[in-house]
Amino acid sequence: MLSPELGHYALALACVLAAVQGILPLVGAYRHNARLMALAPGLAVGQLIALVCAFACLINAAVTDDFSVQNVAANSAVSKPLLYKITGVWGNHEGSILLWALILSLCGAAVAAFGRTLPTALRARVIAVLGLVATGFELFCLTTSDPFARVWPAPMDGRGMNPLLQDPGLAFHPPILYTGYVGFAVPFAFAIAALIEGRVDAAWGRWVRPWAVAAWCFLTCGIAMGSWWSYYVLGWGGYWFWDPVENASLIPWLTGTALIHSAIVVEKREALKIWTVLLAIGTFSFSLSGTFLVRSGILNSVHAFANDPARGVFILGLLGVVIGGSLALFAYRAPSLTAGGLFAPLSREGALVLNNILLCSICAVVLTGTMYPPFMSLLFDRTISVGKPFFDATTIPLALPLFIFMGFGPMLPWKRAQLWPVLSKLWLAACACAIAVLVASVRLSGVLPVLCAAAAVWIIASSVTDIATRTKLFRTSFVTSVQRARMLPRAIIGTAIAHAGVGITVLGLAAMSQAQHRIVEVPIGTTEHLAGYDWTLTGVTQEPGPNYTAMAATLEIRRNGHLVTVLHPSKRSFNSQNQTTTDVAIHTNLMADLYGVLGDRHGPDSNPTYVLRLHYNPLAPWMWLGALVMAFGGALSLSDRRVRVGAPARARSSTATAGVS
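On a predicted model such as this, the values are computed, not experimentally measured, just so you know. (Residues numbered from 1 in each chain as written. Predicted model: local features only at pLDDT ≥ 70, side-chain atom pairs only at ≥ 80, totals over all residues. Heavy atoms only, no water.)

J.: What is the right way to look at the overall build of the chain in this model?
T.: Broken down by element type, the chain carries 22 helices and 10 strands. Taking 26 Å as the expected radius of gyration for a compact globule of 661 residues, we find that the chain reaches 27 Å, a close match to that expectation. Each principal axis of the C-alpha distribution contributes one length, and for the chain these read about 90 × 75 × 55 Å. If you take every contact in the chain between residues at least 6 apart in sequence, the share linking residues at least 24 apart comes to 73%. Surface summary for the chain: the accessible area is close to 28200 Å², and the carbon and sulfur share equals 66%. In the chain, 43 positive and 29 negative side-chain charges are present, and the distance between their average locations comes to 18 Å. (Helix = DSSP H or I, 4+ residues; strand = E, 2+ residues; numbered from the N terminus. Rg over C-alpha atoms; globule rule 2.2 N^0.38 Å. Contact = heavy atoms within 4.5 Å. Areas by Shrake-Rupley, 256 points an atom, 1.4 Å probe, with all protein chains shown as cover. Lys, Arg positive; Asp, Glu negative; His and termini not counted. Charge placed at Lys NZ, Arg CZ, Asp CG, Glu CD.)

J.: How should I be thinking about unusual backbone geometry in this particular structure?
T.: Glycine aside, a negative phi is what most residues show, and trans is what most peptide bonds show. With an omega dihedral of 0°, the bond running from Trp-152 to Pro-153 counts as a cis peptide bond. Among the structural elements, Pro-153 can be located in the loop between helix H6 (120–143) and helix H7 (168–183). The phi torsion at Asp-65 lies on the positive side, around 55°, for a residue other than glycine. Within the chain, Lys-472 stands out as a residue other than glycine whose phi angle is a positive 55°.

J.: Could you clarify how one ought to interpret the packing of aromatic side chains in this entry?
T.: Here a ring pair, both rings aromatic, is described through the centre-centre distance and the interplanar angle of the planes. The final tally for this structure, using the stated rule, is 17 aromatic pairs. Judged by centre distance (4.8 Å) and plane angle (45°), the ring pair of Tyr-231 and Trp-624 falls under tilted. With Tyr-231 in helix H9 (residues 202–233) and Trp-624 in helix H20 (residues 620–638), this pair connects stretches of sequence that are 393 residues apart. Exposure class is identical for Tyr-231 and Trp-624. Each is buried. Following the ring pairs from residue to residue traces out a cluster consisting of Trp-228, Tyr-231, Tyr-232, Tyr-595 and Trp-624. Here the basic side chain of Arg-348 rests over the ring of Trp-414, its NZ or CZ set 5.0 Å away from the ring centre. (Phe/Tyr/Trp six-rings, centres within 6.5 Å; stacked < 30°, edge-to-face > 60°. Buried < 20%, exposed > 50% of the residue type's maximum accessible area, 1.4 Å probe, protein only. Lys NZ or Arg CZ within 6 Å of the ring centre and 35° of its normal.)

J.: Looking at this structure, I do not really get the nonpolar core. What am I missing?
T.: Nonpolar side chains tend to gather and get buried jointly when the protein is soluble and globular. Grouped together as the largest cluster of nonpolar side chains are 161 residues, with contacts concentrated most on Phe-190, Trp-204, Val-277 and Phe-403. No other element matches the 16 residues that H9 contributes to this core. Contacts of Phe-403, omitting those with residues within four sequence positions, involve Ala-455, Trp-458, Ile-459, Val-502 and Val-506. Judged by nonpolar contacts, the second largest core, of 18 residues, contains Val-522, Tyr-533, Leu-537 and Val-540. (Core = buried A, V, L, I, M, F, W, Y, C linked by side-chain atoms within 4.5 Å.)

J.: What should I look at first to understand the sheet that holds strand S1 (residues 516–523) in this one?
T.: Read across the open sheet, the 4 strands follow the order S1-S10-S9-S8; overall the sheet is antiparallel. The sheet is open, and its two borders are formed by S1 and strand S8 (585–588), each paired with just one other strand. The mean angle between the axes of side-by-side strands here comes to 20°, regardless of whether they run parallel or antiparallel. As paired strands, S8 and strand S9 (residues 592–602) are joined by 4 bridges and run antiparallel to one another. By the bridge assignment, His-587 is partnered in S9 with Leu-594. (Pairing = 2+ DSSP bridges. Axes fitted to C-alpha atoms, helices over the stretch in contact; angles between N-to-C directions.)

J.: I keep staring at helix H16 (residues 427–443) and nothing clicks. Help me out?
T.: Because each turn of an α-helix spans 3.6 residues, side chains separated by three or four positions in sequence point in the same direction. The first and last C-alpha atoms of H16 sit 24 Å apart over 17 residues, in line with the 24 Å expected at 1.5 Å per residue. Along H16, the residues classified as buried are Ala-429, Cys-433, Ala-436 and Ala-440. For H16, the arc enclosing every buried residue in end-on projection is 60°, short of the 170-degree limit, so these residues lie on one face. Facing away from the buried side of H16 by more than 90 degrees, the exposed set consists of Trp-427, Leu-428, Ile-435, Leu-438 and Val-442. (Expected span 1.5 Å × (residues − 1). Arc of directions from axis to C-beta.)

J.: What's the story with the packing of H16 against helix H17 (residues 447–471) in this structure? I'm lost.
T.: Each pair of packed helices can be described by the angle between their axes along with the distance between the axes. With their axes 8 Å apart at the nearest point, H16 and H17 run at an angle of 155° to one another. With respect to H17, the element H16 is oriented roughly antiparallel. As for how H16 packs across H17, the hand of that crossing is right-handed. Note on element contacts: H17 touches H16 through Val-450, Ala-453, Ala-454, Val-457, Trp-458, Ala-461, Ser-462 and Thr-465, opposite Ala-429, Ala-430, Ala-432, Cys-433, Ala-436, Val-437, Ala-440 and Ser-441. A class-by-class count of the residues in the contact of H16 with H17 yields 13 nonpolar, 3 polar and no charged. (Parallel < 35°, antiparallel > 145°, perpendicular 65-115°, else oblique. Left-handed = near helix turned anticlockwise from the far one by under 90°. Nonpolar A, V, L, I, M, F, W, Y, C, P; charged D, E, K, R; others polar.)

J.: How should I be thinking about the pairing of strand S5 (residues 562–567) in this particular structure?
T.: The two faces of the sheet receive side chains in turn, since in a regular strand these alternate between them. For strand S4 (residues 549–559) and S5, the ladder comprises 5 bridges, and the chain directions are antiparallel. Bridge pairing links Ile-557 to Thr-565 in S5. Between S4 and S5, which pair antiparallel in sequence order, lie 2 residues; one of them, Asn-560, sits at a positive phi of approximately 55°.

J.: For this particular structure, what's the right way to read the environment of Gly-235?
T.: Considering the arrangement of structural elements, one finds Gly-235 in the loop between H9 and helix H10 (244–269). Of the residues examined, Gly-235 reaches a relative accessible area of 5% and is grouped as buried. Those residues in contact with Gly-235 that sit more than four places away from it in its chain are Ser-230, Thr-582, Val-584, Tyr-595, Val-597 and Arg-613.

J.: What's the story with a positive patch on the surface in this structure? I'm lost.
T.: On the surface, Lys-425, Lys-472, Arg-475 and Arg-484 cluster together into a patch of positive charge. Positionally, Lys-472 belongs in the loop between H17 and helix H18 (478–487). Overall, Lys-472 belongs to the partly exposed group, its relative accessible area being 37%. (Patch = residues over 30% accessible without salt bridge, like charges linked within 9 Å, V, L, I, M, F, W, Y side chains within 5 Å. Salt bridge = Lys/Arg side-chain N within 4 Å of Asp/Glu carboxyl O.)

J.: How do you make sense of the environment of Ile-86 when you look at a structure like this?
T.: Among the secondary structure elements, Ile-86 is positioned in helix H4 (residues 82–87). Taking the C-alpha atoms as reference, Ile-86 lies 50 Å from Ser-481; in sequence the two are 395 residues apart. If we skip the residues at most four places from it in the chain, Ile-86 touches Ile-59 and Val-63.

J.: For this particular structure, what's the right way to read the confidence of the model for the chain?
T.: Note: predicted coordinates in regions of low pLDDT should not be interpreted at a detailed level. Of the residues in the chain, 93% reach a pLDDT of 70 or more, and the chain-wide mean stands at 87. Across residues 302–307, where pLDDT falls below 50, the model places 22 contacts with residues more than four positions away in sequence or in other chains. Of the regions scoring below 50 in pLDDT, residues 653–661 engages in 14 contacts with residues more than four places distant in sequence or in other chains. (pLDDT = per-residue confidence, 0-100.)

Shown next as structure tokens:
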């Protein structure tokens, strides 16, 4: 039976297995003991099985309404729909940390399963490092965040889930986002293993890149889902408000993007070794830091649902051990890593270095703007706010040159390049960019939106040009071009698609700067005009829900007298939590969103008025479509067998031998 006691035992067993996984393989690699190193895969799989059992026990307690479990009593209720009873398991502090540990164990088991071609010592060290990190999180679960703690006497019903979390988008957002966060633990483990061994080479770069790409794909999808949830649940018509918790996920995404590109240089040219190792450490460190900032209560946010300052102290200690220890090891071992090949500034390597500089500069700006308010409050007891104007003014000037060089980079040869041959291939993309400037100047107001729109078209057009050049499109027969396209490595096609996805997202962001909205208070039967549409409130009704009551409006939207759509925004009241939420109604044709929100009811019952928030959001779907295209490009690149398993043979080295002794 999947009892809470069994779950607690399984969690304790997983912690023991993680500790053994973190110690014995390291000792085996140090002593060249093949038997101890061979234990690593089995221990990783055993830890995963134990945590799956623990997680299943917690889900069973939630589904069966076992309110003797404190976590279930505090976050569930009899009337809560079954889907949210299951997904609500990770919608609170204890469950989310257990989910983090589960995904981390899944990463260790994945290395055990897919890392069979790795050198035995390297594989053992990587799995051991993952085991040590997992030990910290599982101790955190057992000591300060026990998801199986009992409460007595058990209540007849629970307090219920935060109504904002009772949404399909946010229900599946945390697992995807956490997989992105935790996925960067694998490159981190590879970096620590390389520092212990004292060796980073082309094979190491090839081994690290697939794991970084996989984590980046999940993190991209997770951020997009969170942004989409903000857009259609919170009801303020926005998609990204530079919220501190949003920034906490953006920061590792930026450094993770830099890591992927830097690993390419290690793989192809054996350059940027030290920098790539530092990026691997930094990206996972930012993932851990984001968890600490959210769970400790330092960052105030509409997203920070489950924080506890007391528990933040434990995470801070864990951060000190993981980040401080890894940086100390880096400072000690990095000077022993040999430098790689030389390259000219104008080359593929040079473009990737510039890419890293700009991405890390944007990361530094976002980190500064996010952490400045809490530090000012801590040090000087001053409350300040750093918002959208600051971030827009500081990140866009750094992003624009990044977008420009995204068009050049993939077409530059390695080691040394000539500028004119590359420019001659991009003349069509340049023409498309010039046309975009003219069109955007007419349709958009403001210099920055025009420049961003032109940069987006440039990225998309240059990505198409790259594939067209490689397939000799229009320079040979169409059949030959198709055959050449089939022979192209999927990694190259995936890169072009991912870059095009960036362009699609940026185009959506530029268009959204021209969004129109109105907030009105009107009686039933009133027509408002916005963006060439007539918005008529035709009725408001009361509707029961599974664990709420809703006040639903009917909005008829017409253009030139023709009915376009009927929206039904609502306002939901959850009695058990004494909280109300908005249920936004959106109609989209992929070129624009018609977006309606129902607010409060005022006035007498005989002639009430209702607050409405009306939005016209051009190209809004493109922001999330672009993110999906980015993730698809990364997944397509990952599907290339040459990326996943085609690592070059590792030559024997006396330096490597010395590094393990």
